[in-house]
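Summary of the model geometry
Here are the chains, one letter per residue:
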Amino acid sequence: MKSGWSQPAPQEPRSGPRTKQPGRELHVASSSTPPASPAGLPDHRADTDTAPGRGTVLLMSVAVGLCVAANYYAQPLLDTIARDLQLSSASASLVVTGAQVGYALGLVFVLPLGDLLERRRLVCGLTLATAFSLALTAIAPNAGLLLAGTAVTGLLSVAAQVLLPFAADLAAPHQRM
């Protein structure tokens, strides 16, 4: 009985320099573009054996913490927000709900961009846009603008989930698990 598995057809050798690995031949791309993953997406991994320095790791750690914290800044301030904007407690709590809904939408619509775009630029853009939305939230004169600002902040706070794989890609190959 013949199984459904078959051996791949032999392919013609590619042009370009070759390096040897134990037991197999490896073709090295000769272009300046980053190699693509099996799914055709760019491979963001660093090709060097150098790891990011302590300062870079500290900066990335603080950035991840601040991105995550942006979703929760309003929670201890709900009573103050309700009083300053003449809102009921239930209405003021919608600010936190808006941040969480924005975060969920960011996970669905923004986070996949980390696989399609250059992560460094994406993280910088998301962080800058988050700072802008936090400033908008801070000066919001009414509940509508406050809710919109926190929802956008939540949407953009997925920068933390883009930053983590970016940090892993920067790590030296021997440090990756």
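Residues numbered from 1 in each chain as written. Predicted model: local features only at pLDDT ≥ 70, side-chain atom pairs only at ≥ 80, totals over all residues. Heavy atoms only, no water.

Remarks on the overall build of the protein
This is how the line gets drawn: Every helix listed is a DSSP run of H or I at least four residues long, and every strand listed is a run of E at least two residues long, numbered separately from the N terminus. Working definition: with a 1.4 Å probe on protein chains only, accessible area under 20% of the residue-type maximum means buried, over 50% means exposed, and in between means partly exposed. Whether two residues are in contact is decided by their heavy atoms, any of which lying within 4.5 Å being enough. To measure how exposed things are, a 1.4 Å probe is used in the Shrake-Rupley method; for residues, cover is taken only from the protein chains shown.
Tallying secondary structure elements over the protein gives seven helices and two strands in all. Helices and strands in the protein line up, N terminus first, as β-β-α-α-α-α-α-α-α. Looking at the protein as a whole, 25% of its 177 residues are labelled buried. Considering only contacts in the protein between residues 6 or more positions apart, those separated by 24 or more positions represent 69%. Total accessible area on the protein is roughly 12200 Å²; 64% of this is exposed by carbon and sulfur atoms.

Observations regarding helix α7 (residues 159-170)
Using the following cut-off: Here a helix's expected span is defined as the number of its residues, less one, multiplied by 1.5 Å.
Counted at 1.5 Å a residue, the expected span for α7 with its 12 residues is 16 Å, and the 16 Å between its end C-alpha atoms agrees. Buried within α7 are the following residues: Ala 159, Ala 160, Val 162, Leu 163, Phe 166, Asp 169 and Leu 170. Elements that come into contact with the buried residues of α7 comprise α1 (54-69), α4 (113-116), α5 (119-138) and α6 (143-156).

Describing the environment of Met 60
As for its position among the elements, Met 60 is in helix α1. Considered as a pair, Met 60 and Leu 163 are 103 residues apart in the sequence and their alpha carbons are 7.2 Å apart. Discounting chain neighbours no more than four positions away, the residues touching Met 60 are Leu 163, Phe 166, Ala 167 and Leu 170.

Brief notes about the nonpolar core
Going by this rule: Joining through side-chain atoms within 4.5 Å is the link that ties buried Ala, Val, Leu, Ile, Met, Phe, Trp, Tyr and Cys residues into a set, and such a set is a nonpolar core.
Membership of the largest hydrophobic core comes to 15 residues, with the highest contact counts inside it found for Met 60, Leu 126, Val 162, Leu 163 and Phe 166. Counting residues per element, the ones that place at least two in this core are α1, α5 and α7. The contact partners of Leu 126, leaving out residues within four places of it in the chain, are Val 110, Leu 156, Ala 159 and Val 162. Ala 74, Ala 82, Val 95 and Val 96 belong to the second largest nonpolar core, which has 10 residues in total.

A word on α6
Note the following rule: Here a polar contact is recorded for every N or O atom pair within 3.5 Å, except that within protein the pair must consist of a potential hydrogen donor and a potential acceptor, and residues adjacent in sequence are included only if both atoms are side-chain atoms.
Look at α6: 20 Å from first C-alpha to last across 14 residues, which is about the 20 Å you get at 1.5 Å a residue. Along α6, the positions that sit buried rather than exposed are Leu 146, Gly 149, Thr 150, Thr 153, Gly 154 and Leu 156. Looking at the buried positions of α6, the neighbouring elements they touch are α2 (78-84), α3 (89-109), α5 and α7. Of the residues that open α6, the one with a side-chain oxygen 3.3 Å from the backbone nitrogen of Gly 144 is Asn 142.

A word on the pattern of salt bridges
A pair can form between side chains of opposite charge whenever their charged atoms are brought close. What counts here: Here, a salt bridge means any side-chain nitrogen of Lys or Arg that lies within 4 Å of a carboxyl oxygen of Asp or Glu.
Overall, the coordinates contain two salt bridges when judged by the stated rule. The salt bridge partner of Asp 115 is Arg 119, with a shortest N-O separation of 3.4 Å. Arg 119 gets classed as buried once you look at its relative accessible area, which sits at 10%.

Brief notes about a nonpolar patch on the surface
Basically, it comes down to this: Like-charged residues are merged into a patch within 9 Å and nonpolar side chains (Val, Leu, Ile, Met, Phe, Trp, Tyr) within 5 Å, provided each residue has over 30% relative accessible area and no salt bridge.
A grouping of Val 101, Leu 105, Leu 107, Val 108 and Phe 109 is seen on the molecular surface, where their side chains present a nonpolar patch of about 450 Å² in accessible area. For Phe 109, the location among the structural elements is in helix α3. Under the relative-accessibility criterion, Phe 109 is labelled exposed at 58%.

Description of the confidence of the model for the protein
Rule in force here: You can read pLDDT as the predictor saying how much it trusts each residue, on a scale of 0 to 100.
When the pLDDT values of the protein are averaged, the result is 78; 70% of them are 70 or greater. Across residues 13-21, where pLDDT falls below 50, the model places 12 contacts with residues more than four positions away in sequence or in other chains. Note that residues 23-33 has pLDDT below 50 and, in this model, 11 contacts with residues that lie over four places away or in other chains.

Considering the packing of α5 against α6
The condition is simple: Here the axes come from fitting lines to C-alpha atoms, over the contacting stretch only for helices, and the angles between their N-to-C directions go from 0 to 180 degrees. Should an angle fall under 35 degrees it is called roughly parallel, over 145 degrees roughly antiparallel, and 65 to 115 degrees roughly perpendicular, with every other angle called oblique. By definition, turning the near helix anticlockwise from the far helix through less than a right angle yields a left-handed crossing, and turning it clockwise yields a right-handed one. Put simply, Ala, Val, Leu, Ile, Met, Phe, Trp, Tyr, Cys and Pro go in the nonpolar bin, Asp, Glu, Lys and Arg in the charged bin, and everything else, Gly too, in the polar bin.
Between α5 and α6, whose axes approach to 8 Å, the crossing angle comes to 160°. Accordingly, the angle class assigned to the pair α5 and α6 is roughly antiparallel. Once α5 is placed against α6, the crossing between them reads as left-handed. Here Leu 126, Ala 129, Thr 130, Ser 133, Leu 134, Leu 136 and Thr 137 of α5 lie close against α6, whose contacting residues are Leu 145, Leu 146, Gly 149, Thr 150, Val 152, Thr 153 and Leu 156. Taken together, the residues that form the contact of α5 with α6 break down as eight nonpolar, six polar and no charged.

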